[in-house]
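A look at the structure
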Amino acid sequence: MIQKVEQLQECFEFRQIRPEEAEQAVEIERICFPPNEACSPKMMRERVATVPDLFLVAVEKDTGKIAGFLNGIASDEEKFRDEFFQDATLHCKDGANVMLLGLDVLPQYRGQGLATEIVRQYIEREKEKHRKKLYLTCLDNKVKMYEKMGFVNLGISNSTWGGEAWYDMSYSLDEVD
C-alpha cells in the first residue's frame, strides 16, 4: 500500500484547483457521470470560482492535465440535500462539515488507486482544517468502495438527484486513526 501511494505521488501532484482549470473539470464531469447525474457546466464553473479550496485535483505531472478530482462545499448542516449540488452559495466557509459533491477519475486512470488516494488526501486536509464530518451520496454499486475508504453507510438517502436511488454515507474526521 505504501509503495502504491508513493508511486501515485511520483506521478501526480495533489492540490487545490486553479481557475484556469475549470474547463477541464467540466469535461471530466461530463465523461465521468451520465447527463442526469452530472453537474452542469455552469454549476461546475461556479463551484471552481466559489469554492476552489474544497477541490482536490490529481494533476498528472507529465502532462499537467487533471486526471481526477474530489469537490464539495462546507456546511454546518448534517444532512445531505440535493440543493448542495445546485447552489454554491450554500457554502459556509467555516462550516463544520463538508458535503462531497463528486469524485471524478477519468477512465484511463481508474483501477490504480487514484480515487482512494484523492479521498485519503482530502480527508487529511479537512482534518487539518478541524472539520467534523464528510457527507456524500452514492449509488448502490459504490457503497462498498466508500466503505473500504472508511465511510459509514447511513442507508437510503432522501436525495432524488438525477432520478436515482442514493445512499447517504459519512466519514467522521474527529476520530482517532
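Residues numbered from 1 in each chain as written. Predicted model: local features only at pLDDT ≥ 70, side-chain atom pairs only at ≥ 80, totals over all residues. Heavy atoms only, no water.

Topic: the nonpolar core
- Within the largest apolar cluster, 58 residues are counted, with the highest numbers of intra-cluster contacts made by Leu114, Ile118, Leu134 and Phe151.
- Leu114 has contacts with Leu8, Phe12, Phe14, Ala58, Ala67, Val105 and Tyr109, leaving out every residue within four places of it along the chain. (Core = buried A, V, L, I, M, F, W, Y, C linked by side-chain atoms within 4.5 Å. Buried < 20%, exposed > 50% of the residue type's maximum accessible area, 1.4 Å probe, protein only. Contact = heavy atoms within 4.5 Å.)

Remarks on the packing of helix 2 (residues 22–32) against helix 3 (residues 41–50)
- Contact pair helix 2 / helix 3: the axes reach a minimum separation of 9 Å and the direction vectors enclose 135°. Relative to helix 3, the element helix 2 is oriented oblique. Where helix 2 crosses over helix 3, the two elements pack in a sense that is right-handed. Contacts between helix 2 and helix 3 pair Ala22, Glu23, Ala25, Val26 and Glu29 from the former with Pro41, Met44, Arg45 and Val48 from the latter.
- Residues that form the contact of helix 2 with helix 3 fall into these classes: six nonpolar, no polar and three charged. (Axes fitted to C-alpha atoms, helices over the stretch in contact; angles between N-to-C directions. Helix = DSSP H or I, 4+ residues; strand = E, 2+ residues; numbered from the N terminus. Parallel < 35°, antiparallel > 145°, perpendicular 65-115°, else oblique. Left-handed = near helix turned anticlockwise from the far one by under 90°. Nonpolar A, V, L, I, M, F, W, Y, C, P; charged D, E, K, R; others polar.)

Description of helix 3
- Within helix 3, burial applies to Met43, Met44, Arg47 and Val48. Here the buried residues of helix 3 occupy an arc of 140° about the axis, which is enough to place them on one side. Those residues of helix 3 that are exposed and angled more than 90 degrees off the buried face are Lys42 and Ala49.
- Residues of helix 3 that are buried make contact with helix 2, strand 2 (55–60), strand 3 (66–75), helix 4 (83–86) and strand 4 (97–105). (Arc of directions from axis to C-beta.)

Some thoughts on unusual backbone geometry
- Not every positive phi belongs to a glycine, and His130 is a case in point at roughly 65°.
- Its place among the elements puts His130 in the loop between helix 5 (114–128) and strand 5 (133–138).
- We classify His130 as exposed; its relative accessible area is 68%.

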